[in-house]
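Structural characterization, general
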Amino acid sequence: MTLPSSSAVRHPRSAPARKGPAPKEAQRAVGRRASSPEEKERRRQDILGAAKQVFAERGYHATTMADVARAAGLSYGSVYWYFESKEILFHALMASEERALRRHLARTLAAAPKDPPDAAFRAAVRATFEFFEDDRDAVKLLLRDATALGDPFEQHLFGINEGFVDDIAAVVTEAQQRGVVIDAPPRVVAFSIAALVGQLACRRLVTDDGLTAGQLADFAVRLLLHGLVPRQRLAPVVRAGQD
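This is a predicted model, so every value here is computed, not measured.

**Regarding the overall build of the chain**
- Regarding its fold elements, the chain presents 10 helices and zero strands.
- Tracing the chain from N to C terminus, the helices and strands come up as α-α-α-α-α-α-α-α-α-α.

**Notes on the environment of Gln-53**
- Relative to the elements of secondary structure, Gln-53 occurs in helix α2 (residues 37-58).
- In this structure Gln-53 comes out as partly exposed when scored by relative accessible area, which is 42%.
- Separated by 19 residues in sequence, Gln-53 and Ala-72 have C-alpha atoms that sit 9.9 Å apart.

**Quick look at the pattern of salt bridges**
- If you walk through the whole model with that rule in mind, you get 15 salt bridges.
- Its salt-bridge partner being Arg-178, residue Asp-115 comes within 2.6 Å of it at the nearest N-O pair. Taken together, the positions of Asp-115 in the loop between α5 (86-111) and α6 (119-134) and Arg-178 in the loop between α8 (153-177) and α9 (186-203) put the pair 63 residues apart, joining distant regions of the chain.
- For Asp-115, a relative accessible area of 51% puts it in the exposed group.

**Regarding the nonpolar core**
- Residues Leu-89, Phe-90 and Phe-121 are the most contacted members of the largest nonpolar core, which totals 58 residues.
- For this core, the element with the most residues is α8, which contributes 10 residues.
- The contact partners of Leu-89, leaving out residues within four places of it in the chain, are Ile-47, Leu-48, Ala-51, Phe-55, Met-65, Val-68 and Phe-83.

**Points about the side chain of Arg-102**
- Within the secondary structure, Arg-102 is located in helix α5.
- With a relative accessible area of 17%, Arg-102 lands in the buried category.
- Side chain to side chain, Arg-102 and Asp-167 meet in a polar contact 2.6 Å long.

**Quick word on α8**
- With 25 residues, α8 ought to run about 36 Å at 1.5 Å a step, and its terminal C-alpha atoms sit 36 Å apart, in line with that.
- Following α8 by one or two positions, Gly-179 adopts a phi angle in the positive range, close to 75 degrees.

**Description of the confidence of the model for the chain**
- Residues at a pLDDT of 70 or more form 80% of the chain, whose mean pLDDT is 82.
- Ranking the elements of the chain by mean pLDDT puts helix α1 (residues 24-29) last with 41 and helix α3 (residues 65-72) first with 95.
- Segment residues 2-31 is flagged for pLDDT under 50; beyond a separation of four residues in sequence, or across chains, it makes 71 contacts in the model.

**What about α2?**
- Across its 22 residues, α2 extends 31 Å between first and last C-alpha, which sits within 8% of the 32 Å expected from 1.5 Å per residue.
- Looking only at α2, the buried set comprises Glu-39, Arg-43, Ile-47, Leu-48, Ala-50, Ala-51, Lys-52, Val-54, Phe-55 and Ala-56.
- Buried residues in α2 make contact with α3, α4 (76-82), α5 and α7 (136-145).

**Structural notes on the packing of α5 against α8**
- It is at 11 Å that the axes of α5 and α8 come closest, and there the two elements cross at 5 degrees. Between α5 and α8, the crossing angle belongs to the class labelled roughly parallel. The residues of α8 that touch α5, namely those facing Glu-87, Phe-90, His-91, Met-94, Ala-95, Glu-98, Leu-101, Arg-102, Leu-105 and Leu-109, are Phe-153, His-156, Leu-157, Ile-160, Gly-163, Phe-164, Asp-167, Ile-168 and Val-171.
- Looking at side-chain class alone, the contact of α5 with α8 contains 12 nonpolar, three polar and four charged residues.

**Examining the side chain of Asp-145**
- Of note, Asp-145 is situated in helix α7.
- Look at Asp-145 and you get buried, because its relative accessible area is 11%.
- Side-chain polar atoms of Asp-145 contact the side chain of Arg-144, separated by 2.7 Å.
- Sequence-distant contacts of Asp-145, that is, excluding residues within four places in its chain, are made with Phe-55, Gly-59 and Lys-140.

Calculation rules
- Residues numbered from 1 in each chain as written.
- Predicted model: local features only at pLDDT ≥ 70, side-chain atom pairs only at ≥ 80, totals over all residues.
- Heavy atoms only, no water.
- Helix = DSSP H or I, 4+ residues; strand = E, 2+ residues; numbered from the N terminus.
- Buried < 20%, exposed > 50% of the residue type's maximum accessible area, 1.4 Å probe, protein only.
- Salt bridge = Lys/Arg side-chain N within 4 Å of Asp/Glu carboxyl O.
- Core = buried A, V, L, I, M, F, W, Y, C linked by side-chain atoms within 4.5 Å.
- Contact = heavy atoms within 4.5 Å.
- Polar contact = N/O pair within 3.5 Å; in protein donor to acceptor, adjacent residues only side chain to side chain.
- Expected span 1.5 Å × (residues − 1).
- pLDDT = per-residue confidence, 0-100.
- Axes fitted to C-alpha atoms, helices over the stretch in contact; angles between N-to-C directions.
- Parallel < 35°, antiparallel > 145°, perpendicular 65-115°, else oblique.
- Nonpolar A, V, L, I, M, F, W, Y, C, P; charged D, E, K, R; others polar.

Laid out in structure tokens, this is it:
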């Protein structure tokens, strides 16, 4: 996939946020409200976590706010105090997943060694694979479902993708300076990397092709750095169970 910070993401809403209180049926169902800022944030995160699971299992259209409330163990109305509609909730979830991915990538790059010259490049590709391998629900939300929902989700996803491309482009630029990557527009190279990783992550929802996530990441790095032409000195890709 392809991801500026979420504050810069452009995600217009198809309907304006509702002003005033939640619907009457929601108001009646509200239980004890969180009081402290910490408790409010915990409850917000609980709702996002439950929504992520339910959206991934049922899809956007089949999911209701009541489904999310049940999964979160909260009253129906409580969800509306934090998210005024299912659309707003899904946008918040997309932004949350973006932040998680970019934090993971940033931590990995900060810990990556400076040598060999391609170390940061390899670490960035592997980190992205690791993120999606460890969180299949994120793959479903960001790489599968959001692309099929039309505006405004497509516009929001475009902003997420552009931010992720910015992150990868910085890695590409450094790799180019060290002679590891060909001289080409860094953002074009970064977009190509993101597209490859995203498609492979989506494929793993259906089949692993006999490869572990680490082996697939190594294959992707090899493909990106050396293409499809066989190289004598390149070790073959080892299938799962053969190493």
